[in-house]
Each structure stands twice: as structure tokens, then as C-alpha cells.
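In case you want the letters, here they are:
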Amino acid sequence: MARSEMGTLIARNHDEIDQLRRMGQRDYYEFTVTRKAGAQKVGTIQVQLKDYQHQEESVHIDVLADDKSFEKRTVR
């Protein structure tokens, strides 16, 4: 598992998500985002894949939470 700049653990695959669930500090949602599905509800937010560049490993994702839209780019 990796750590963010704030020191929190970040899971990158199914096994790491299971480890975080066993720690029991938060609720975790496992999901797969596809472009054709449009906005998908994940927990209390909606996630939509806008663009993916395989060679550059860059992703453009829109997150809708509490009637506000956030744009995330180059999430790896």
C-alpha cells in the first residue's frame, strides 16, 4: 500500500482494499469505471470517466458530490 502526502493509506488493488477494511477505520467502496456507462454512483458520490490515455497512464475523471462537480486529472 502507498501513503499519500497526508499520511493516509491508499489501496491500489483488491487485496489492499481488504486490508484497509480489516483495519475498520472507514468505509471503502470497490468499483470499476467505464466510459460507456456514463456517471456511476459509488457510495454517496457519482464518478464519470471522461478520458484515458493508455501510453501516458493519465486519466480524466469527474466527481459529483453534494451538487458540486470536481475534475481530477492524471490520477494514477
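Here's what I pulled together on the structure shown here. All values derive from a computational prediction rather than experimental measurement.

**A word on the nonpolar core**
Here is step 1 of the chain: Grouped together as the largest cluster of nonpolar side chains are 6 residues: Val 42, Val 47, Leu 49, Val 59, Ile 61 and Val 63.
Here is step 2 of the chain: Every element with two or more residues in this core is listed here: β4 (45-53) and β5 (58-65).

**Re the pairing of β4**
Here is step 1 of the chain: As paired elements, strand β3 (residues 40-42) and β4 share 3 bridges and run antiparallel to each other. Within β4, the residue paired with Gln 40 across the bridge is Val 47.
Here is step 2 of the chain: Hairpin geometry of β3 and β4 is characterised by an intervening segment of 2 residues between the two adjacent antiparallel strands and by a positive phi of about 65° at Gly 43.
Here is step 3 of the chain: Here β4 runs beside β5; their pairing, made up of 7 bridges, is antiparallel. Counted as the bridge partner of Asp 51 is His 60 from β5.

**A few points about the side chain of His 60**
Here is step 1 of the chain: Looking at the secondary structure, you find His 60 in strand β5.
Here is step 2 of the chain: In this view, His 60 contacts Gln 48, Leu 49, Lys 50, Asp 51, Glu 71, Lys 72 and Arg 73; residues no more than four positions away in its chain are not counted.

**Considerations on unusual backbone geometry**
Here is step 1 of the chain: Of note in this structure, Asp 66 is not a glycine but carries a positive phi near 50°.
Here is step 2 of the chain: With respect to the element layout, Asp 66 can be found in the loop between β5 and β6 (68-73).
Here is step 3 of the chain: For Asp 67, which is not glycine, the phi torsion reads 60° and is therefore positive.
Here is step 4 of the chain: Summarising the element assignment, Asp 67 is placed in the loop between β5 and β6.

About the thresholds
- Residues numbered from 1 in each chain as written.
- Predicted model: local features only at pLDDT ≥ 70, side-chain atom pairs only at ≥ 80, totals over all residues.
- Heavy atoms only, no water.
- Core = buried A, V, L, I, M, F, W, Y, C linked by side-chain atoms within 4.5 Å.
- Buried < 20%, exposed > 50% of the residue type's maximum accessible area, 1.4 Å probe, protein only.
- Helix = DSSP H or I, 4+ residues; strand = E, 2+ residues; numbered from the N terminus.
- Pairing = 2+ DSSP bridges.
- Contact = heavy atoms within 4.5 Å.

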